[in-house]
Amino acid sequence: NGTINREMAALSRMFTLAIRSGMLSHRPYMPKLEEAQPRQGFMEHAEYLAIKEHLPEHYKDFLDFGYYSGWRRSEIARLEWRHVDLNAGVIRLDPALSKNKEGRVLVLHGSLAELFQKRWQQRVIGCPYVFNVKGRKVGDWRFAWKRACRESGLEGKLFHDFRRTTVRNLIRAGVVD
């Protein structure tokens, strides 16, 4: 609904400009759709560690990358080695993999650089995916996530909380405004 409302607002603005220029006499009625409240959740470092402790081993690197990068779960799951340049220390997200169709570059530094060196050493030859389980792309792991959250006493936490958490952590560290 939010996307539709934004597009309708742009269309409404076009009608307003057409009226001002004398091309139209009136603007049609365009009701707004009801939108959900924006998500509010964050993931404290201790909570992230508690959930990680209860996840199966093959999901832990995926979780680490999500916590430190703020990338969407789908972007991480589809990340391939062709997007990673270990020599330059960067990952280039292909715009086709991004929800908003905008690519971005992530610098591999510190924990992320170590994570990708480890993943490179453990890679499965012939598997293009950075995060895989026995050579197959990490699929839907909602059950494992929910179980880890429940066992750590953090039911209701979302993987998506990492997106807001990463931005908040960058602001707190003075990296971004």
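Relevant structure appears above.
Residues numbered from 1 in each chain as written. Predicted model: local features only at pLDDT ≥ 70, side-chain atom pairs only at ≥ 80, totals over all residues. Heavy atoms only, no water.

K.L.:
Sorry if this is basic, but what is going on with helix α1 (residues 2-20) here?
P.N.:
Taking 1.5 Å per residue as the helical rise, α1 with its 19 residues ought to reach 27 Å, and the 27 Å between its terminal C-alpha atoms agrees with that figure. Turning to α1, its buried residues are Asn-5, Ser-12 and Ala-18. Viewed along the axis of α1, the buried residues span an arc of 130°, placing them on a single side of the element. Every exposed residue of α1 that faces more than 90 degrees away from the buried side is listed here: Thr-3, Glu-7 and Arg-20. Backbone geometry just downstream of α1 places Gly-22 in the positive-phi region, at approximately 85°. (Helix = DSSP H or I, 4+ residues; strand = E, 2+ residues; numbered from the N terminus. Expected span 1.5 Å × (residues − 1). Buried < 20%, exposed > 50% of the residue type's maximum accessible area, 1.4 Å probe, protein only. Arc of directions from axis to C-beta.)

K.L.:
Whenever I open this one, the packing of helix α2 (residues 45-53) against helix α3 (residues 57-69) confuses me. Can you help?
P.N.:
Two packed helices can be described by the angle between their axes and the distance between those axes. Two elements in contact, α2 and α3, have axes separated by 10 Å at closest approach and are oriented at 165°. The angle between α2 and α3 falls in the class roughly antiparallel. With respect to the hand of their crossing, α2 and α3 are arranged in right-handed fashion. Residues His-45, Tyr-48, Lys-52 and Glu-53 of α2 pack against Lys-60, Leu-63, Asp-64, Tyr-67 and Tyr-68 of α3. (Axes fitted to C-alpha atoms, helices over the stretch in contact; angles between N-to-C directions. Parallel < 35°, antiparallel > 145°, perpendicular 65-115°, else oblique. Left-handed = near helix turned anticlockwise from the far one by under 90°. Contact = heavy atoms within 4.5 Å.)

K.L.:
Just checking my understanding: could you explain α3 for this structure?
P.N.:
Residues spaced three or four apart along an α-helix point in a common direction, a consequence of the helix completing one turn every 3.6 residues. Taking 1.5 Å of rise per residue, 13 residues should cover 18 Å, and α3 covers 19 Å from first to last C-alpha, within 8% of that figure. With ten of its 13 residues buried, α3 lies for the most part within the structure. Those residues of α3 that fall on the buried side of the exposure criterion are Tyr-59, Lys-60, Asp-61, Phe-62, Leu-63, Asp-64, Phe-65, Gly-66, Tyr-67 and Ser-69. Gly-70 sits one or two positions beyond α3 and adopts a positive phi of about 75°.

K.L.:
How should unusual backbone geometry be read in this particular structure?
P.N.:
What you tend to see is this: most non-glycine residues have negative phi, and most peptide bonds are trans. Its identity is not glycine, yet Lys-101 carries a phi of approximately 65°, on the positive side. Among the secondary structure elements, Lys-101 is positioned in the loop between β2 (90-93) and β3 (104-107). For Lys-101, a relative accessible area of 56% puts it in the exposed group. Backbone geometry at Lys-134 places phi at a positive 55°, although glycine is not the residue there. Mapped onto the elements of the fold, Lys-134 is located in the loop between β4 (132-133) and β5 (136-137).

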